[in-house]
Structures are given as C-alpha cells and as structure tokens.
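Geometric and topological summary
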Amino acid sequence: TQLLEQSPQFLSIQEGENLTVYCNSSSVFSSLQWYRQEPGEGPVLLVTVVTGGEVKKLKRLTFQFGDARKDSSLHITAAQPGDTGLYLCAGSPPFYGGSQGNLIFGKGTKLSVKP
Amino acid sequence: EPEVTQTPSHQVTQMGQEVILRCVPISNHLYFYWYRQILGQKVEFLVSFYNNEISEKSEIFDDQFSVERPDGSNFTLKIRSTKLEDSAMYFCASGYTFGSGTRLTVV
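Residues numbered from 1 in each chain as written. Chains lettered and ligands numbered in written order. Predicted model: local features only at pLDDT ≥ 70, side-chain atom pairs only at ≥ 80, totals over all residues. Heavy atoms only, no water.

In this section: the packing of aromatic side chains. Any aromatic ring pair is given by two values, namely how distant the centres are and how the planes are angled relative to each other. Taken as a whole and assessed by the stated rule, the structure comprises 14 aromatic pairs over all chains. Ring geometry for Phe105(A) versus Phe98(B): centroids 5.8 Å apart, planes at 85°, classification edge-to-face. Linking Phe105(A) in strand E10 (residues 104-105) with Phe98(B) in strand E10 (residues 97-98), this pair reaches from one chain into another. Since its relative accessible area comes to 1%, Phe105(A) is described here as buried. Ring centres of Phe32(B) and Phe75(B) lie 5.6 Å apart, and the angle between their planes is 45°; this geometry places the pair in the tilted category. Placement of the pair is Phe32(B) in strand E4 (residues 31-37) and Phe75(B) in strand E8 (residues 75-79), with a sequence separation of 43 residues. In this structure, Phe32(B) and Phe75(B) share a single accessibility class: buried. (Phe/Tyr/Trp six-rings, centres within 6.5 Å; stacked < 30°, edge-to-face > 60°. Helix = DSSP H or I, 4+ residues; strand = E, 2+ residues; numbered from the N terminus. Buried < 20%, exposed > 50% of the residue type's maximum accessible area, 1.4 Å probe, protein only.)

This is how it looks when you write it as structure tokens:
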C-alpha cells in the first residue's frame, strides 16, 4: 500500500516568514499534486508535477518533485495571512491499465499565518 | 474555469436508508472519481470510472456502494443501507479537479 507522509502536520508562523512543507513516500508516483482545502470545501488543485526534479512556481509558492519521484516539497516565500489553510499533497500511482490513476492523499499540513 | 458540480451540498439520512449523491463532471473529461473524507481524516479514494464502467475501486467500495452515469452527464454514487460510519464528506473528481463535496450525515 502506497502512503504519503506530510510534515509538519501543523505550522504557525508570522507574516513575512518563509516555510517549507514536505511530502514523502517510499513509493514512486507517476505524478504528484498539491491542493489547498478550506473547511467544508473540496480540495482545490494548485499544481501538478510529473517529471523527477521538476520545479514549478506559482507566485510565492515553489513546488518541487524529487528526482526519484518519491517526494515533493512546497515552499512559500514571505507568507501572508491569506495563505492560511490546509495544504494537501496527493500522489498518482504509476500508470497501469490505461487508467489516469486514483490519488493517494497525505494527511495535510495546517498552516496558520499571523499578521 | 471548468468546474465539478455536486448536489446536494448537505444530506441527512436515517440509518438503513439509501442515498444518491450526484455530480456533474467536466464535459470533456474521461476519468471520474469518488472520494470520501471522514471528519478530521485524510481524503480516501473510493472508485474510478472510465468509459462507462468502474476501472478501479478501493477496499472501502464494497457491495453497499454503486456508481453509474445514466445519461452521459450526471455521475452518481449510490449508498445502500447507510450506516453511521458512512457519515463523511463525499467528493466527486473529474480528472484532478474536485467538486465542493456533499456532506452526508447518517443519524
């Protein structure tokens, strides 16, 4: 069974600080997604990374996929109160049978950015 | 931006009753999914649907559950004889895009 471990589980920082959230597994994934989820809402896709070593930037957010496609990180620069929320990583197992693949989710990192 | 629409947003049902959760996926997508999230826990895969049939299902998706896409538009999840432990948020996904979910409460 493939698992994704996210760390830290909780993170409370001051506005303007930088932070990194990690997503680790012993298994290879064909792609990895990062989502943000608000209470009572569905996960909202932030980015998909597919290639080992890939780096994607979304404004102040930088996402990296590990070379071996087993881990990923999300780095936020100069965090703002609007970044507060639950960040989820989700991996898609290697393709088989033509399926796009279901997602395996981590437990999430609950980020709080204080003004 | 294309979105996935789920109805109802909330559903309260008595234990033992059947519920049908509905989803309108993104029109040109091929893969559809149902996930659930029990309060305070992680999102869990239930079933994937491709070319009008189930392509993969998890251990959670037992005989109590069924999915169909009867009219080529709506994608439904039916839960027969609901149990208290079925209470959760149920999310439909079209590719990697999720709907807002249906909060199911079994009393």
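The structure having been displayed, the exposition proceeds.
Let us now look at the pairing of strand E11 (residues 109-114) of chain A. Consecutive side chains of a regular strand alternate in pointing toward one face of the sheet and then the other. All names here are of chain A. Where burial is concerned, the two faces of E11 differ: the one with Thr 109, Leu 111 and Val 113 is buried and the one with Lys 110, Ser 112 and Lys 114 is not. Examined bridge by bridge, strand E2 (residues 10-14) and E11 share five bridges and lie parallel to one another. For Leu 11, the partnering residue across the bridge sits in E11 and is Leu 111. Relative to E11, strand E9 (residues 85-92) is paired through three bridges, and the arrangement is antiparallel. When the bridges of E11 are listed, Leu 86 appears paired with Lys 110. (Pairing = 2+ DSSP bridges.)

A pair can form between side chains of opposite charge whenever their charged atoms are brought close. All names here are of chain A. Tallied over the entire structure, the rule returns four salt bridges over all chains. Salt-bridge contacts for Arg 36 lead to Glu 38; the nearest nitrogen and oxygen are separated by 2.9 Å. Between Asp 83 and Arg 60 there is a salt bridge, with the nearest N and O atoms lying 2.9 Å from each other. In this pair, Asp 83 is assigned in the loop between strand E8 (71-76) and E9 and Arg 60 in the loop between strand E6 (55-58) and strand E7 (61-65), connecting sequence segments 23 residues apart. You can call Arg 60 partly exposed: its relative accessible area is 24%. (Salt bridge = Lys/Arg side-chain N within 4 Å of Asp/Glu carboxyl O.)

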